[in-house]
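Overview (structure and organization)
Single-letter residue listing:
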Amino acid sequence: MAIRKIIKEGDETLRKISKPVLDFDDRLGELLDDMLETMHRNDGAGLSAVQVGVLKRAFVMHAKKDSIQECINPKILKQEGTNKFKIEGCLSVPGKCGIVERPEKVWVEFQNRKGKKVNKKFTGFEAKCFCHELDHLDGILYIDKATEMFNDRDEYNRKKEKQENKSKQEKK
Ligand code: CO
């Protein structure tokens, strides 16, 4: 296993459409192992192959305790609701975060590293993460969809606090 370099916003590779995975071979396994290690090392909740410069439709995510997912050739079959998690970040856009609306529930289909078809339903933060990573495979970054951007998490927290105080006062 090896840590791979994560490419950053501004690199045009991130804007390319990734290609379907056809070969479920050792090379794919090695790529996924490296992606998991790279994601964990950088405290990320998800990482797409394109972020390490490989244009394959594959991503990994660890957005929920004890739930590591490897999603190859992923698709959303159905979605529902509005996610309660508003804020989003990306290892390719270091430091920043932004508000993006995502579905609360997604019913999805993908293949595992052996090529076996998997159907799952993700909710909450995992659903948000799945949508974010799937966008990467189509050259879309969350900053394209964000309705508001923040320079760091503190800036967002300060704003949230202000809003909460305001609504508390309004209720009085
Ligand atoms: Co990302």
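First things first, this report covers the structure right here in the doc. Remember, it's a predicted structure, so these values are computed and weren't measured experimentally. (Residues numbered from 1 in each chain as written. Predicted model: local features only at pLDDT ≥ 70, side-chain atom pairs only at ≥ 80, totals over all residues. Heavy atoms only, no water.)

1. Considering the pattern of salt bridges
- Throughout the structure, instances matching the rule amount to 15 salt bridges.
- Linking E109 and K75 is a salt bridge whose minimum nitrogen-to-oxygen distance equals 3.9 Å. Taken together, the positions of E109 in strand β6 (residues 105–111) and K75 in strand β3 (residues 67–80) put the pair 34 residues apart, joining distant regions of the chain.
- Residue classification places E109 among the buried positions, given a relative accessible area of 17%.
- When its relative accessible area of 46% is taken as the criterion, K75 is described as partly exposed. (Salt bridge = Lys/Arg side-chain N within 4 Å of Asp/Glu carboxyl O. Helix = DSSP H or I, 4+ residues; strand = E, 2+ residues; numbered from the N terminus. Buried < 20%, exposed > 50% of the residue type's maximum accessible area, 1.4 Å probe, protein only.)

2. Some words on helix α2 (residues 124–137)
- Over its 14 residues, α2 runs 21 Å from end to end, which matches the ideal 20 Å to within 8%, given 1.5 Å per residue.
- Within α2, 13 of the 14 residues are buried, which leaves it mostly tucked inside the rest of the structure.
- Remark: G139 follows α2 within two positions and exhibits a positive phi of approximately 75 degrees. (Expected span 1.5 Å × (residues − 1).)

3. Overview of the pairing of β3
- Strand direction decides the pairing type here: strand β2 (residues 58–64) and β3, joined by five bridges, are antiparallel. Its bridge partner lying in β3, M61 is registered against Q69.
- With antiparallel pairing between neighbouring strands as the criterion, β2 and β3 make up a hairpin whose turn holds two residues, including D66 at a positive phi of roughly 60 degrees.
- In the sheet, β3 pairs with β6 via six bridges, with the strands oriented antiparallel. Among the inter-strand pairings, I76 is bridged to a residue of β6, identified as V108. (Pairing = 2+ DSSP bridges.)

4. A short note on the packing of aromatic side chains
- Applying the stated criterion across every chain, the model contains four aromatic pairs.
- Ring geometry for F59 versus F130: centroids 5.1 Å apart, planes at 80 degrees, classification edge-to-face. Here F130 lies in helix α2 and F59 lies in strand β2, a separation of 71 residues in the sequence. Just as F59 is buried, F130 falls in that class too.
- Note on F150 and Y156: the rings are 5.3 Å apart at their centroids and 65 degrees apart in plane angle, and the pair reads as edge-to-face.
- Residue F150 is classed as buried on the basis of its relative accessible area of 4%.
- In textbook terms, an aromatic cluster arises when at least three aromatic residues are bridged by ring pairs, as seen for F59, F122 and F130.
- Between K78 and the ring centre of W107, over which it is positioned, the NZ or CZ distance is 4.2 Å. (Phe/Tyr/Trp six-rings, centres within 6.5 Å; stacked < 30°, edge-to-face > 60°. Lys NZ or Arg CZ within 6 Å of the ring centre and 35° of its normal.)

5. Here's the deal with the layout of surface pockets
- Quantified by volume, the largest pocket comes out at close to 520 Å³.
- Classifying every residue of the lining of the largest pocket gives eleven nonpolar, seven polar and nine charged. (1 Å grid on protein atoms, 1.4 Å probe; cavity = no way out; pocket = protein on both sides within 12 Å on 5 of 7 lines; lining within 4 Å. Points joined across faces, edges and corners; volume = space filled by probe spheres on them. Nonpolar A, V, L, I, M, F, W, Y, C, P; charged D, E, K, R; others polar.)

6. A closer look at the environment of E133
- Among the secondary structure elements, E133 is positioned in helix α2.
- Residue classification places E133 among the buried positions, given a relative accessible area of 3%.
- Distance in space between the C-alpha atoms of E133 and K145 is 13 Å, their sequence separation being twelve residues.

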